[in-house]
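Each chain is listed here by its residues.
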Amino acid sequence: MSTTSSTLAQLAYPAFVSHPTLAHYLFLSAVLFTLGLIGFLTRRNLIIMFLCTELMFQAAGIALVAFGRYHLDMNGQTFLIFVLTIAAAEAAMALALVVLLFRRNESLSAEEWSDLKG
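In short, a report on the structure. All figures in this text were calculated on a predicted structure; none of them were measured in a lab. Numbers given for residues are sequential positions, taken from 1 along each chain in its written order. Two thresholds apply to this predicted model, a pLDDT of at least 70 for residue-level local features and 80 or more for giving and counting side-chain atom pairs, whereas whole-chain, interface and lining totals are computed over all residues. Just so you know, side-chain values use all the structure's heavy atoms and leave hydrogens and water out.

1. Some details on the nonpolar core
In terms of nonpolar packing, the biggest core is built from 6 residues, these being Leu-46, Met-49, Val-98, Leu-101, Ala-110 and Trp-113. For this core, the secondary-structure elements that each account for two or more residues are helix 3 (46-70) and helix 4 (75-105). Side-chain atoms within 4.5 Å link the members of a nonpolar core, which is a set of buried Ala, Val, Leu, Ile, Met, Phe, Trp, Tyr and Cys residues. Exposure categories follow from relative accessible area, calculated using a 1.4 Å probe and restricted to protein chains: below 20% of the type maximum is buried, above 50% is exposed, and the middle band is partly exposed. Starting at the N terminus, helices and strands are each numbered in turn, a helix being any DSSP run of H or I of at least four residues and a strand any DSSP run of E of at least two.

2. Side note on the packing of aromatic side chains
Any pair of Phe, Tyr and Trp rings, taking the six-membered ring for Trp, is counted once the centres come within 6.5 Å. Such a pair is stacked with planes under 30 degrees apart, edge-to-face with planes over 60 apart, and tilted for the rest. A complete count under the given rule lists 1 aromatic pair for this structure. Seen from their ring centres, Phe-79 and Phe-82 are 6.0 Å apart, and the 35° between their planes marks the pair as tilted. Of this pair, Phe-79 and Phe-82 both sit in helix 4, 3 residues apart, which is roughly one turn of the helix. On the accessibility criterion, Phe-82 (49% relative accessible area) is partly exposed.

3. Some thoughts on the side chain of Glu-54
Structurally, Glu-54 can be placed in helix 3. His is not counted, nor are the chain ends, whereas Lys and Arg count as positive and Asp and Glu as negative. Take a side-chain nitrogen of Lys or Arg and a carboxyl oxygen of Asp or Glu: if they are within 4 Å of each other, that pair is a salt bridge. Buried Glu-54, no salt bridge; nearest opposite-charge side chain is Arg-44, N-O distance 16 Å. What makes two residues a contact is simply this: any of their non-hydrogen atoms within 4.5 Å. Apart from the residues lying within four places of it in its own chain, the contact partners of Glu-54 are Ala-87, Glu-90 and Ala-91.

4. Focus on unusual backbone geometry
Look at Leu-72: it is not a glycine, yet its phi comes out positive at around 50°. Locating Leu-72 in the fold gives a position in the loop between helix 3 and helix 4. Phi at Glu-106 takes a positive value of approximately 55°, unusual for a residue other than glycine. Relative to the helices and strands, Glu-106 resides in the segment after helix 4. The class of Glu-106 is exposed, set by a relative accessible area of 59%.

5. Focus on helix 3
Working rule for helices: expected span equals 1.5 Å times residues minus one. Taking 1.5 Å as the rise per residue, helix 3 with 25 residues should run 36 Å; its terminal C-alpha atoms sit 36 Å apart, in good agreement. Of the residues making up helix 3, those classed as buried are Leu-46, Met-49, Phe-50, Cys-52, Glu-54, Met-56, Ala-59, Gly-61, Ala-63, Ala-66 and Gly-68. Summarising the contacts, the buried residues of helix 3 are in contact with helix 2 (22-42) and helix 4. Backbone geometry just after helix 3 places Leu-72 at a positive phi near 50°.

This is the structure in C-alpha cells:
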C-alpha cells in the first residue's frame with residue numbers, strides 16, 4: 001500500500017528549471033507577438049500602433065535568437081541584426097510620417113486618416 005502511494009505521489013517538490021529552454025523563449029516570443037498584434041488591431045493612436053509593431057518585431061527577434069542558439073547556428077543572430085537595422089530605418093520613417101500627419105491635422109487617430117486609402 002505504501003509503495004503504491006509513494007509511486008503515485010511526488011516525493012519532493014519538482015526540480016526548479018535552472019535554465020530556460022527553447023520552449024520558454026518561444027512562449028515568451030508568442031506572448032509578446034500576440035500582445036503586439038492585439039494592440040495594433042485594437043488601438044487607433046498612431047504612436048501606439050507603431051510601438052505595437054516594434055513589439056512584434058522584437059518578439060520575432062527573440063524567436064530568431066532562440067532558434068539560432070538551439071541549433072548552435074549564428075544565422076539567427078545575423079538575421080536579427082538585419083531585421084533590427086530595417087526596423088530602425090522603418091522607425092525613423094514612421095515617426096517622421098506621424099509627426100507630419102500630426103502637424104497637418106493635430107490628431108494622432110488613425111481613423112482621421114482613413115481618406116488616404118487609395
